[in-house]
Amino acid sequence: MKYLNNYIIILTLILTATSWSQITIDEDDNLIKDDKQKSELLVDNIDNQRVKIDGIAAVVGDYLILESDILKAREDQKAQGLSGKEVSKCFILKQIMENKLFAHHAIQDSIEIQEEMVNSRTEQQLQYMVNQAGSLQKILDFYGKDTEEELKKELFDINFETVLAQEMQGSVVEEIEVTPAEVRQFFDKIPEDEKPFFGTQVEVSQIVIKPEVTEEQTQKTVDFLNKIREDVIEDGARFSSRAVLYSDDRGTRSKGGKIPDVSRDSPLVKEFKDKAFSLAEGEVSKPFKTEFGWHILTVDKIRGQFVDVRHILKFPEITDEAVEKARKKIETLKQRIEDGEISFEEAAKEFSDEAETSESGGQLINDLTLDKRFELSKMDPELYNKIINLKEGKISPVYTESNKRQQPFFKILTVTKRIKEHEADYNKDYARISDLALKQKKVREIQKWQKSKMKDTYIKISKDYKSCDFAKDWLK
């Protein structure tokens, strides 16, 4: 596979924090933040006290790359089980610089990023991390953050830059295509002993049934929040104490529901921010709904473009009867499908409560490839364990899972297609070979773009990294 490895691997985007500053170079070729302050030694803080700061490893356009960025990325690579070249400081710095180059030119080209999309990615990322670690507090401790909002803000900034880089990279290659002749030429050039070997792949569909939240339970939640609002407004009860006692937001309730420094760019849902910026200081909102549940919110302080708020979040209760009704519904669906009364695809379109997959008949999409096929060796372990022994066309048992509110829902799965592992065959695997050929062509176009942009982008690499193999290409 060496032939493919040389061309097919798409540039990895390392998630690193962004630093901004004006850069100058001293007489010893050191990177400094202004004409008085050496970056690896000292800067002045607001009280004119001298304090040590992080060392600067490189500059790409308006971006600084700190030594700590490299160390963080290195630890992350090691945590993922990587070793050797993948965790060398030179290799990691090259990846980060490539990312910054794309992000810098995305800004220069005024590429717009949808904030809601970045918010959604941040929420999904945090939820995945919490699920893996077992608790939010473990994640906060690992990242050295005091609150969930602080962590979300950092993850949002990282994701925003990553999306910028991805959008720029996508714009570079969006019109690249391969012809059948190019695919044939690509395949014929692969040495026989390096032909790709495709692992077992599966196509998976699902049906999700969620317990219904009744109008009665929703009204109870709204009435409860209105009672708290009344206590605060009319009887002088403290909003913060009510948040500690009653809020379902585990990340803020111990702090009296406080979320400081909310701005229009904060990684919070739009409805929440709109409400925060519509209130005067001390005003308490009426109950309002977001994707997370029902809230009331008060503004502690307005500071220009920032507001400090407190909120109380409540989830409408899901009754045991609703849970049991949902369970019986999916069990009945499963039986109807197995009896041939209705196909899995038809049942998913008509009954599944997951909008993202119901329209496609329950078809799952691989987040890594954006394709409907999953390679078993690269599949999410939780999904893998559920389908590994599932024969094509058979229905899984009913699985019980929980959402971020710890509310249960039910799921059944089926493998709609299973493709056994095999060496690449041009005719049988044309689509996958075409995809490899296209990736190779895109990589070459990206490399061409990089070389061009290096020439008209301010780039500086500290002397500690000038001996890296890649440095001479960037400093030409």
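Whatever comes next refers back to the structure up there.
Note that the structure is a prediction, hence the values are computed from the model and not measured.

**Student:** Hey, could you go over the overall build of the protein for me, with residue numbers and the actual values?
**Tutor:** Assigned secondary structure in the protein consists of 16 helices and 18 strands. Classification of the 476 residues of the protein by burial places 44% in the buried group. Taking as baseline every contact in the protein between residues at least 6 positions apart, the subset at least 24 positions apart corresponds to 64%. When the accessible surface of the protein is totalled, it reaches about 26,700 Å², and 47% of it is carbon and sulfur.

**Student:** How would you summarise the pairing of strand S12 (residues 293-303) if you had to cite specific residues and measurements?
**Tutor:** Pairing of strand S11 (residues 288-290) with S12 involves three bridges; the strand directions are antiparallel. Bridge pairing links Thr 290 to Gly 293 in S12. Connecting the antiparallel pair S11 and S12 is a turn made up of two residues. As judged from the nine bridges shared by S12 and strand S13 (residues 306-314), these two strands associate in the antiparallel manner. Counted as the bridge partner of His 295 is Leu 313 from S13. Adjacent in sequence and paired antiparallel, S12 and S13 are bridged by two residues, among which Gly 304 carries a positive phi angle near 65°.

**Student:** Which residues make up helix H3 (residues 89-108), and what values do they have?
**Tutor:** With 20 residues, H3 should reach 28 Å at 1.5 Å per residue; the first-to-last C-alpha distance of 28 Å fits that figure. Of all the 20 residues making up H3, 14 are buried; the element is thus mostly covered by neighbouring parts of the structure. Downstream of H3 by a residue or two, Ser 110 has a phi angle that is positive, lying close to 55°.

**Student:** Run through the packing of helix H6 (residues 148-173) against helix H15 (residues 430-455), naming residues and quoting values.
**Tutor:** Viewed as axis vectors pointing N to C, H6 and H15 meet at an angle of 110°, and their least axial separation amounts to 9 Å. Between H6 and H15, the crossing angle belongs to the class labelled roughly perpendicular. Judged by residue contacts, Met 168, Gln 169, Val 172 and Val 173 of H6 engage Lys 442, Glu 445, Ile 446 and Trp 449 from H15. Counted by class, the contact of H6 with H15 contains five nonpolar, one polar and two charged residues.

**Student:** If you had to explain the pattern of salt bridges to someone new, which residues and values would you point to?
**Tutor:** Any two side chains of opposite charge can pair, so long as their charged atoms come close to each other. Evaluation of the coordinates by the stated rule reveals 30 salt bridges. Notably, a salt bridge pairs Lys 152 with Glu 149, separated by 4.0 Å at the nearest N-O pair. Pair noted here: Lys 152 and Glu 149 are both in helix H6, with a separation of three residues, about one helical turn. For Lys 152, a relative accessible area of 7% puts it in the buried group. Across the salt bridge formed by Arg 310 and Asp 300, the nearest N and O atoms sit 2.7 Å from each other.

**Student:** An account of the nonpolar core is requested, with residue identities and associated values reported.
**Tutor:** By size, the foremost hydrophobic cluster in this structure holds 35 residues, and its most contacted members are Ile 65, Ile 70, Leu 93, Met 97, Ile 461 and Trp 474. Top contributing element to this core by residue count: H3, with eight residues. With residues up to four places along the chain from it excluded, the contact list for Ile 70 reads Ala 57, Ile 65, Lys 89, Ile 92, Leu 93, Ile 96 and Tyr 465.

Thresholds, definitions, all that
- Residues numbered from 1 in each chain as written.
- Predicted model: local features only at pLDDT ≥ 70, side-chain atom pairs only at ≥ 80, totals over all residues.
- Heavy atoms only, no water.
- Helix = DSSP H or I, 4+ residues; strand = E, 2+ residues; numbered from the N terminus.
- Buried < 20%, exposed > 50% of the residue type's maximum accessible area, 1.4 Å probe, protein only.
- Contact = heavy atoms within 4.5 Å.
- Areas by Shrake-Rupley, 256 points an atom, 1.4 Å probe, with all protein chains shown as cover.
- Pairing = 2+ DSSP bridges.
- Expected span 1.5 Å × (residues − 1).
- Axes fitted to C-alpha atoms, helices over the stretch in contact; angles between N-to-C directions.
- Parallel < 35°, antiparallel > 145°, perpendicular 65-115°, else oblique.
- Nonpolar A, V, L, I, M, F, W, Y, C, P; charged D, E, K, R; others polar.
- Salt bridge = Lys/Arg side-chain N within 4 Å of Asp/Glu carboxyl O.
- Core = buried A, V, L, I, M, F, W, Y, C linked by side-chain atoms within 4.5 Å.

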